[in-house]
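Architecture at a glance
Residues per chain are reported as follows:
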Number of protein chains: 2
Amino acid sequence: MNSTRFDVLGIGNAIVDVIARTEDDFLFRQKMRKGGMQLITEADATRIYDAMGPAVEVSGGSAANTVVGAASLGARAAFIGKVKDDELGRVFAHDIRAAGVCFTTPPASQGPATARCYVLVTPDGERTMNTYLGAAQDLHPNDIDPEAVGAAQIVYLEGYLWDPPHAKEAFLKAANIAHGAKRDVALTLSDAFCVDRYRAEFLDLIRSRTVDLVFANEHELHSLYQTADFETALKALREDAKAAVVTRSEKGSIVVTREESDAVQACPVARVVDATGAGDLFAAGFLMGLARGTDYRTAARLGALAAAEVIQHLGARPETSLRDLARENGFDV
Amino acid sequence: MNSTRFDVLGIGNAIVDVIARTEDDFLFRQKMRKGGMQLITEADATRIYDAMGPAVEVSGGSAANTVVGAASLGARAAFIGKVKDDELGRVFAHDIRAAGVCFTTPPASQGPATARCYVLVTPDGERTMNTYLGAAQDLHPNDIDPEAVGAAQIVYLEGYLWDPPHAKEAFLKAANIAHGAKRDVALTLSDAFCVDRYRAEFLDLIRSRTVDLVFANEHELHSLYQTADFETALKALREDAKAAVVTRSEKGSIVVTREESDAVQACPVARVVDATGAGDLFAAGFLMGLARGTDYRTAARLGALAAAEVIQHLGARPETSLRDLARENGFDV
């Protein structure tokens, strides 16, 4: 196996989050499913933006958040995703590069604008997301740089890539290159409704070992196996996946393989300000742990620490050096 | 005197802030004057943005922040300022309207992009600002709606308007209309270096009673009278201005007229996260007090409360309802 240039390379939708605080009543009136991610048209985007309160813009995107978190922990990280050559596209590119992530996917010069996610944060800290995919829809297999993918220890892919038309081909191309170079491929199931849209395909990815490691939260796990019983779903995942991590918010996480199952506590936080990015940053810490050769349990603890940082402020990107935070908490990163 | 449609109408540069945390060393290397505002070219903007860390975008602009703060306190507020019809211009317009402020200045369809201010926040909470004026330079006397200005109880103008070429004409037109309608005109001196650029003109505005009320912080006051002695500068201001408020950060504020001088304490805060907008929000509370007919002392206390909210988070726009906060603190707003 050749030496690696990257600890982790993420592929996902390149999105700028437009975040506003709101009340539950707003979600109800706008017919939004609280806690979920729904895809919206440009007309929906205009309607929702007009209706929502003053906002802040922060770069986002699930896998992008994860690689930024990994970079903040000291990882060598890269990202592949599509923006347009417009103001928000430049914002996305600036922010991910300024975070130390290698990002070289050429922006689209034509077509729809850079993707935006209208994130409504309710007083309980829950986030409800409305994504206009825009230029992210134009991610294409040609955007997958085989050299970069083959040089990454772990390739991390988001389930959301099943939404844009050509991104799943890009996903499969990347997974193929990674396995050809004897690298590991990780997948996050992204969202319970996303799982609902692509259940059979996701199960096939897992069972065929196109992915080596699966990240899921409880809702996604229940959706994947269409059961309300956690133990039943977890048992099914253990049979299907080479390895998996199930995150359970304040109840912590469980790392499973066919042979083992290990529960790890969450990091207590004073108050959840904005849950956006909790899963993304958990994955960042977990992947960084694996890249540094820790055991699953330590990786999950590092994931919990990174997730705890990001839910204590608005936005899904860390606001402090996660490496410093990890070292203060006794991690060797 | 006709009835008013607005409690306060602000005129200022329409700016989106691009905010990043940094260390003092970065300011030193970039040759920035800590705590100040410097005007930058488009080339500077590119250079600074490339060098700075991951950022968040939040609508800003001094007078715009003030009217948003006043609206959050329950005031009927309006704003006049120039954006371009581009993505950040739409962000600015959305945010100020979503805050409940009437904003009808038509965006520029040609010319430079919407103004941006690159705000660097150091660990001590101080902010250092680099402003690319862009489309804000195109504010013109034609953008002053005489009907709206004449229908506002207080017209609030920022000293920064002396920087764009035609904005001072717009400023003087607005002041003239306001006085013709027997309204009050307030001015913030904006920045010590801004005062340095336009000292004679600002003194003339004050002495000629083109403005009825002056807001200044200590640095601006010292710059206005070119003295390091606070009492000397304050005495000069009392002789020149009809009324003035001098803000002194954690030392509170002093409201002065020729006859009176009254010191008001600051609201203690646990930690200054980002000082951006402290003066703007003080003015918001003070103006709201005046609009509601309170005495200067109560107005200054309301200003201190609004300023305390905004320095406890990133960005210069309130993150909570200032009206609720004021009521919880015993104000009748």
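Residues numbered from 1 in each chain as written. Chains lettered and ligands numbered in written order. Predicted model: local features only at pLDDT ≥ 70, side-chain atom pairs only at ≥ 80, totals over all residues.

The alternating pattern of strand E4 (residues 56–59) of chain A places A:Val56 and A:Val58 and A:Glu57 and A:Ser59 on opposite faces, both of which are buried. Across four bridges, strand E2 (residues 15–21) of chain A lies against E4(A) in antiparallel orientation. When the bridges of E4(A) are listed, A:Val18 appears paired with A:Glu57. For E4(A) and strand E4 (residues 56–59) of chain B, the ladder comprises three bridges, and the chain directions are antiparallel. Bridge pairing links A:Val56 to B:Val58 in E4(B). (Buried ≥ 20, exposed ≤ 12 C-beta atoms within 10 Å, placed from the backbone. Helix = DSSP H or I, 4+ residues; strand = E, 2+ residues; numbered from the N terminus. Pairing = 2+ DSSP bridges.)

All right, on to the environment of A:Arg199 then. Residue and element names in this part refer to chain A. Within the element layout of this structure, Arg-199 appears in helix H7 (residues 192–207). Of the residues examined, Arg-199 has 15 C-beta atoms within 10 Å and is grouped as partly exposed. Separated by 27 residues in the primary sequence, Arg-199 and Gln-226 have C-alpha atoms spaced 9.4 Å apart.

We now examine the interface of chain A and chain B. Between chain A and chain B, the contact holds 19 residues from the first and 19 residues from the second. Among the secondary structure elements, those contributing two or more residues to the side of chain A that touches chain B are E4 and helix H4 (87–98) of chain A. Of all the elements, H4(A) adds the most residues to the side of chain A that touches chain B, at six residues. Split by residue class, the side of chain A that touches chain B holds ten nonpolar, four polar and five charged. (Contact = placed C-beta atoms within 7 Å. Nonpolar A, V, L, I, M, F, W, Y, C, P; charged D, E, K, R; others polar.)

This part is about the packing of helix H10 (residues 278–291) of chain A against helix H11 (residues 296–310) of chain A. Residue and element names in this part refer to chain A. Two elements in contact, H10 and H11, have axes whose closest approach is 7 Å; the angle formed by their N-to-C orientations is 145°. Judged by the twist between their axes, the crossing of H10 over H11 is right-handed. Contact residues: H10 offers Ala-278, Leu-281, Phe-282, Ala-283, Ala-284, Gly-285, Phe-286, Met-288, Gly-289 and Leu-290, while H11 offers Thr-298, Ala-299, Ala-300, Leu-302, Gly-303, Ala-304, Leu-305, Ala-306, Ala-307, Glu-309 and Val-310. Of the residues that constitute the contact of H10 with H11, the class distribution is 16 nonpolar, four polar and one charged. (Axes fitted to C-alpha atoms, helices over the stretch in contact; angles between N-to-C directions. Left-handed = near helix turned anticlockwise from the far one by under 90°.)

One finds A:Val8, A:Leu287, B:Val8 and B:Leu287 to be the most contacted residues of the largest nonpolar core, which totals 252 residues. Residues contacting B:Val8, with those up to four places away along its chain left out, are B:Val67, B:Ala70, B:Ala75, B:Ala77, B:Ala152, B:Gln153, B:Ile154, B:Tyr156, B:Leu287 and B:Ala291. (Core = buried A, V, L, I, M, F, W, Y, C linked by C-beta atoms within 7 Å.)

This next bit is on the relation of the copies chain A and chain B. Superposition record for chain A on chain B: RMSD 0.0 Å, screw rotation 180°, translation along axis 0.0 Å. The superposition of one copy onto the other is thereby described by a two-fold rotation axis. Rotation axis and chain A: the residue whose C-alpha lies nearest the axis is A:Glu57, separated from it by 2.5 Å. Take the interface residues of chain A: 100% of them recur as interface residues in chain B, which is what a same-surface contact looks like. (Least-squares fit on C-alpha atoms with pLDDT ≥ 70 in both.)

Let us now look at the sheet that holds strand E11 (residues 213–217) of chain A. Residues and elements named next belong to chain A. Taken in spatial order, the nine strands of this open sheet run E6-E5-E1-E9-E10-E11-E12-E13-E14, and their pairing is mixed. One side of each edge strand has no neighbouring strand; the edge strands of this open sheet are strand E6 (102–103) and strand E14 (261–264). For strand E1 (residues 6–11) and strand E5 (residues 77–80), the ladder comprises four bridges, and the chain directions are parallel. Within E5, the position partnered with Gly-10 by the bridge is Phe-79. Sitting on the sheet, helix H8 (residues 218–225) touches E11 and strand E12 (243–247), and the angle it makes with E11 is about 105°.

With that settled, consider the environment of B:Glu239. Residue and element names in this part refer to chain B. In this fold, Glu-239 is placed in helix H9 (residues 230–240). Residue class for Glu-239 comes out exposed when judged on the 10 C-beta atoms lying within 10 Å of it. In the structure, Glu-239 is positioned 89 residues away from Glu-328 in sequence and 37 Å away in space, judged by C-alpha atoms.

Moving on, we get to the environment of B:Leu133. Residues and elements named next belong to chain B. Here Leu-133 lies in the loop between strand E8 (127–132) and helix H5 (146–150). A tally of 25 C-beta atoms within 10 Å means that Leu-133 is categorised as buried. Those residues in contact with Leu-133 that sit more than four places away from it in its chain are Asn-13, Leu-39, Ala-115, Asp-163 and Pro-164.

This paragraph deals with the pairing of E1(A). Two faces belong to every sheet, and in a regular strand the side chains alternate between them. Residues and elements named next belong to chain A. Burial analysis of E1 places six of its six residues in the buried class, which makes it a mostly covered element. Direction of pairing for E1 relative to strand E9 (residues 152–158): parallel, over a ladder of five bridges. If you follow Val-8 over to E9, its bridge partner there is Ile-154.

Here we come to the sheet that holds strand E12 (residues 243–247) of chain B. One open sheet accounts for nine strands, arranged E6-E5-E1-E9-E10-E11-E12-E13-E14 (chain B); its pairing is mixed. Among the strands making up the open sheet, the edge pair consists of strand E6 (102–103) and strand E14 (261–264) of chain B.

Trans is the prevailing form of peptide bonds, just as negative phi is the prevailing case for residues other than glycine. Of note in this structure, A:Lys182 is not a glycine but carries a positive phi near 60°. Looking at where A:Lys182 falls in the secondary structure, it is placed in the loop between helix H6 (167–180) and strand E10 (184–188).

Here the focus is the packing of H7(A) against H8(A). How two helices sit against one another is set out by the angle between their axes and by the gap between those axes. Residues and elements named next belong to chain A. The interhelical angle for the contact between H7 and H8, taken along N-to-C directions, is 50°, at an axis separation of 8 Å. Taken together, the axis directions place H7 and H8 in an arrangement best described as oblique. In this structure, H7 crosses over H8, and the sense of that crossing is right-handed. Between H7 and H8, the residues in contact are Ala-192, Val-195, Asp-196, Arg-199, Phe-202 and Leu-203 and His-219, Glu-220, Ser-223 and Leu-224, respectively. (Parallel < 35°, antiparallel > 145°, perpendicular 65-115°, else oblique.)

Read these as geometric descriptors, not functional statements.
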